[in-house]
Amino acid sequence: MDTQLKTIGRGPAAAGPDDPIKHIKPSVDPSTLHHRQLLDGAFWQRIPAYREVTEAQFLDHQWQAKNTITNPAKLLAAVQDLVPQAFIDDVSEGFHRSPMSIRVSPYLLSLIDWADPYNDPLRRQFVPVASKLLPDHPKLTLDSLHEQADAPVPGLTHRYPDKALFLALDTCPVYCRFCTRSYAVGVDTDEVEKVSLKATEERWERAFRYIAERPELEDIVVSGGDSYQLKARQLTLIGNRLLEMPNIRRIRFATKGPAVMPMKLITDTEWVDALAAVVEKGRKLHKEVVLHTHFNHPNEITAITKRALDIVFERGIIVRNQCVLQRGVNDSIATMQLLVKRLGHCQVHPYYVYVHDLVKGVEDLRTTLQTALDIEKAVRGTTAGFHTPTFVVDAPGGGGKRVAHSFEHYDRATGISVFAAPSVKPGFFLYFDPVDTLAPDIQARWASPTEQEVMVEAAIAQARANMDATASASSVR
Ligand SMILES: *Cc1c(COP(=O)(O)O)cnc(C)c1O
Ligand code: SF4
């Protein structure tokens with residue numbers, strides 16, 4: 001105490017308001033503030049089909065929906081001579097082999113660099129090309145997250161104790177190649193016949209009844225498909241039905257919309273008003289209603305996005321982002337840092353970064369778990385803690401989301417990581433790094449079903465040994 005007082009007493013005289021500021025930190029390179037520079041102007045007019053499209057047209061969500069690209073012929077008609085025929089052929093074959101239907105908004109199409117379509121991060125997410133596809137991991141199944149197995153009524157997944165996932169409908173404003181719900185979302189493709197989750201009030205009513213009968217449920221994720229596709233009237237109905245239940249405390253409407261068609265938030269005032277009314281009603285009932293969205297790359301955030309999100313912010317609606325880590329899209333430190341900062345600039349909270357689910361037809365987009373660990377380390381510390389996403393693995397088999405760092409064992413050679421989820425489900429949950437990233441001798445082992453089992457059993461045995469060792473040293477019970 002005494003010494004502290006003396007130190008303060010001997011300190012320099014307090015500086016006056018006009019004295020020069022002493023900068024201890026070196027000044028920043030302006031390029032580190034790049035997240036504030038958003039693409040502006042009539043960027044869509046670079047696309048031949050949109051050369052004459054005015055700003056008023058481009059901002060009209062109905063024009064966006066009507067001009068959405070759903071097949072290679074429409075893509076060619078839009079981009080015309082910007083790409084060689086060989087690329088279009090590659091896309092046609094890619095469409096044919098994809099488990100997902102194709103849907104690309106004019107907004108997204110305009111943000112793709114068609115001079116370099118193979119490397120463009122947005123093209124990679126939405127437009128499949130056959131020449132880059134890799135064989136699926138041998139351990140992959142179509143509904144790898146067991147959403148259907150954990151569904152008491154169709155379209156309602158109740159896995160965690162106090163929260164449930166309500167799949168209100170099966171369409172989206174765009175279709176992502178990498179969709180985890182390719183078992184249901186979109187129309188049937190050459191590869192997959194979908195489970196039907198139509199937006200019928202009859203099906204919803206069964207889901208509402210289940211939710212009302214489970215007092216432990218407090219938190220509902222309304223997803224799909226995509227909440228953007230709900231009519232204003234439907235959004236109001238779902239929001240009000242859930243808010244009326246005494247057990248429900250939190251609702252999240254999940255939509256990729258702001259990332260792929262932000263103009264809807266500017267021009268579809270009926271939809272925004274409906275959402276704002278549910279949020280407002282929730283606030284009066286002391287219940288939280290928020291929007292969860294899905295930006296994956298900083299290029300998806302333009303001056304239009306900022307305008308759209310400013311409207312949402314002014315209406316007092318909280319927005320959080322769930323991102324998927326993807327090879328060649330956002331699997332670099334610089335890209336992820338830029339995305340996180342740019343989301344923060346638009347008042348969107350980066351909530352999760354998912355290690356890519358084991359999904360059919362997207363092996364070229366998956367990364368290793370190690371990539372997630374490395375990027376997480378570099379992102380943490382760059383901005384506010386509440387803007388720092390948690391990197392998670394949604395463990396195949398229904399273990400739910402686990403923090404990427406929390407594996408019980410990770411064999412980097414075989415690419416097998418083992419997770420436990422004691423509050424969700426007993427047993428072990430395994431994630432598998434993409435085979436093509438592993439050493440050639442290990443790739444050869446993955447080609448043999450017997451060797452696969454040997455590797456999996458060894459990883460589980462090691463996880464069990466690690467857990468036994470920590471349990472005996474731990475005082476937590
Ligand atoms: C992701 C998910 C939730 C919500 O989980 P949070 O970690 O709270 O975001 C709920 N139910 C299911 C089935 C999910 O996959
Ligand atoms: S928006 Fe979401 S649900 Fe729809 S296709 Fe993309 S990932 Fe799937």
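In this numbering scheme, every chain counts its residues from 1 along its sequence in written order. Chains carry letters and ligands carry numbers; both start at the beginning, A for chains and 1 for ligands, and go up in the order they are written. Under the rules for a predicted model, residues below a pLDDT of 70 receive no local features and side-chain atom pairs below 80 are neither given nor counted, while totals for whole chains, interfaces and linings still include all residues. Values reported for side chains reflect all heavy atoms of the structure, with hydrogen atoms and water molecules removed beforehand.

1. Focus: the site of ligand 1
- Neighbouring residues of ligand 1: T157, R159, Y160, K163, L165, V221, R252, Y351, Y352 and K401.
- Contact between ligand 1 and Y351: an oxygen atom at 2.7 Å from a side-chain N or O atom of the residue.
- N or O atoms closer than or at 3.5 Å make up a polar contact, with two conditions inside protein: a donor-capable atom paired with an acceptor-capable one, and, for residues adjacent in sequence, both atoms drawn from side chains. Within the contact set of ligand 1, an oxygen atom lies 3.2 Å away from a side-chain nitrogen or oxygen of K401.
- The protein chains hide 91% of the 390 Å² of surface that ligand 1 would expose on its own.
- Secondary structure counts use DSSP, requiring at least four H or I residues in a row for a helix and at least two E residues in a row for a strand, with both numbered from the N terminus. At the level of elements, strand 2 (163-167) and strand 7 (348-355) are the ones that each hand at least two residues to the shell around ligand 1.
- Polar here means any residue outside two lists: the nonpolar Ala, Val, Leu, Ile, Met, Phe, Trp, Tyr, Cys and Pro, and the charged Asp, Glu, Lys and Arg; Gly therefore counts as polar. When its residues are assigned to classes, the shell around ligand 1 shows 5 nonpolar, 1 polar and 4 charged. Throughout, near means a residue has at least one heavy atom within 4 Å of the molecule or strand. Only the protein chains shown count as cover for residues, and all accessible areas are computed by the Shrake-Rupley method using a 1.4 Å probe.

2. Remarks on helix 12 (residues 269-284)
- Expected span of a helix: the number of residues minus one, times 1.5 Å. Taking 1.5 Å per residue as the helical rise, helix 12 with its 16 residues ought to reach 22 Å, and the 22 Å between its terminal C-alpha atoms agrees with that figure.
- The buried label goes to any residue with under 20% of its type's maximum accessible area, the exposed label to any with over 50%, and the partly exposed label to all in between, with areas taken from a 1.4 Å probe on protein chains only. Of the residues making up helix 12, those classed as buried are W271, V272, A274, L275, A276, V278, V279 and G282.
- After helix 12 finishes, the residue H286 shows a positive phi value of roughly 60°.

3. Things to note about unusual backbone geometry
- Of note, the bond from G224 into G225 is cis; its omega dihedral lies within 30 degrees of zero at 15°.
- Positioned with a positive phi, Q80 is a non-glycine residue whose angle comes to about 45°.
- Looking at where Q80 falls in the secondary structure, it is placed in the loop between helix 4 (72-79) and helix 5 (85-97).
- Relative accessible area serves as the criterion here: at 38%, Q80 is assigned to the partly exposed category.
- Phi is positive for H286, close to 60°, though the residue is something other than glycine.

4. Observations concerning the sheet that holds strand 10 (residues 409-411)
- Any two strands with at least two DSSP-identified bridges between them are counted as paired. Sheet architecture is open: 3 strands sit in the order 10-11-12, paired in antiparallel fashion. A single partner strand is all that each edge strand has here, and the edge strands are strand 10 and strand 12 (425-432). When strand polarity is set aside, the average angle formed by the axes of neighbouring strands in this sheet is 20°. Here an axis means a line fitted to C-alpha atoms, over the contact stretch when the element is a helix, while the angle between two N-to-C directions is reported on a 0 to 180 degree scale.

5. Examining helix 9 (residues 232-243)
- If you check helix 9, its first and last C-alpha atoms are 16 Å apart, about what 12 residues at 1.5 Å a residue would give, namely 16 Å.
- Residues of helix 9 that are buried include every one of A232, Q234, L235, I238, G239, L242 and L243, and no others. Seen along its axis, helix 9 keeps its buried residues to an arc of 165°; they face one direction. To obtain the arc, one takes the directions from the helix axis to the C-beta atoms.

6. Structural notes on the domain arrangement of the protein
- Throughout, the edges of the domains are those of an automatic or database domain assignment. Segmentation of the protein into domains returns domain 1 (43-132), domain 2 (156-402) and domain 3 (407-471).
- Facing 32 residues of domain 1, the contacting portion of domain 2 comprises 44 residues.
- Salt bridges are defined as contacts in which a side-chain nitrogen from Lys or Arg sits within 4 Å of a carboxyl oxygen from Asp or Glu. Along the contact surface separating domain 1 from domain 2 lie 1 salt bridge.
- Salt-bridge contacts for R307 lead to E55; the nearest nitrogen and oxygen are separated by 3.7 Å.
- Summed over the shared surface of domain 1 and domain 2, the number is 13 residue pairs in polar contact (both at pLDDT 80 or more).
- Only helix 2 (55-58), helix 3 (61-66), helix 5, helix 6 (106-111) and helix 7 (121-126) provide two or more residues apiece to the side of domain 1 that touches domain 2.
- The dominant element in the side of domain 1 that touches domain 2, judged by the number of residues it contributes, is helix 7, at 5 residues.
- A breakdown of the residues in the side of domain 1 that touches domain 2 according to their chemical character gives 17 nonpolar, 9 polar and 6 charged. Any two residues whose heavy atoms approach within 4.5 Å at even a single point are treated as in contact.

7. Some points on the pattern of salt bridges
- Overall, the coordinates contain 22 salt bridges when judged by the stated rule.
- With its nearest N and O atoms 2.9 Å apart, the salt bridge here joins E280 to R283. Taken as a pair, E280 and R283 lie in helix 12 at a separation of 3 residues, close to a single helical turn.
- Residue E288 pairs with R320 through a salt bridge whose shortest N-O separation is 3.4 Å. Separated by 32 residues along the polypeptide, E288 in strand 5 (residues 288-293) and R320 in strand 6 (residues 319-325) bring together distant segments of the chain.
- Classification of E288 as partly exposed rests on a relative accessible area of 32%.

8. Things to note about the site of ligand 2
- Close contacts around ligand 2 come from M100, C172, Y175, C176, C179, V185, G225 and K256, and that covers them all.
- In terms of residue class, the shell around ligand 2 is built from 6 nonpolar, 1 polar and 1 charged.

9. Notes on the nonpolar core
- The set of buried Ala, Val, Leu, Ile, Met, Phe, Trp, Tyr and Cys residues whose side-chain atoms join them within 4.5 Å is what this entry labels a nonpolar core. In terms of nonpolar packing, the biggest core is built from 120 residues, with L109, F166, I238 and F253 touching the most fellow members.
- Looking at this core element by element, the count peaks at 6 residues for helix 12.
- The contacts of L109, once residues within four sequence positions are left out, are I47, Y50, I69, L75, A78, V79, V104 and W114.
- Formed by 7 residues, the second largest nonpolar core is a distinct cluster that contains Y183, L197, V221 and A254.

10. Concerning the packing of helix 9 against helix 12
- With their axes 8 Å apart at the nearest point, helix 9 and helix 12 run at an angle of 10° to one another. In this view, helix 9 runs roughly parallel relative to helix 12, as classed from their interaxial angle. Where helix 9 abuts helix 12, its residues A232, L235, T236, G239, N240 and L243 lie against E270, W271, A274, L275, V278, K281 and G282. Under this scheme an angle from 65 to 115 degrees is roughly perpendicular, one under 35 degrees roughly parallel, and one over 145 degrees roughly antiparallel; angles in between are oblique.

11. Some points on the packing of aromatic side chains
- Stacked, tilted and edge-to-face pairs are distinguished by plane angle, under 30 degrees for stacked and over 60 for edge-to-face with tilted covering the rest, among Phe, Tyr and Trp rings (Trp via its six-membered ring) whose centres lie within 6.5 Å. The final tally for this structure, using the stated rule, is 14 aromatic pairs.
- Ring plane angle 65° and centroid distance 5.3 Å describe the contact between Y228 and W271, whose orientation is recorded as edge-to-face. Note that Y228 is positioned in the loop between strand 3 (219-223) and helix 9 and W271 in helix 12, a separation of 43 residues in sequence.
- What makes Y228 buried here is its relative accessible area of 2%.
- In this scheme, the term charge over a ring applies when either NZ of a lysine or CZ of an arginine sits within 6 Å of the ring centre and within 35 degrees of the ring normal. Here the basic side chain of K264 rests over the ring of Y228, its NZ or CZ set 5.4 Å away from the ring centre.

12. With respect to the sheet that holds strand 7
- Read across the open sheet, the 9 strands follow the order 1-2-3-4-5-6-7-8-9; overall the sheet is mixed. Looking at strand neighbours, the two that pair on one side only are strand 1 (156-157) and strand 9 (400-403), the edges of this open sheet.
- Where strand 8 (residues 390-395) and strand 9 come together, 4 bridges link them in antiparallel fashion. Opposite V393, over in strand 9, you have R402 as the bridge partner.
- In the packing of helix 8 (residues 201-212) onto the sheet, contacts are made with strand 1, strand 2 and strand 3, and the angle to strand 2 comes to roughly 175°.

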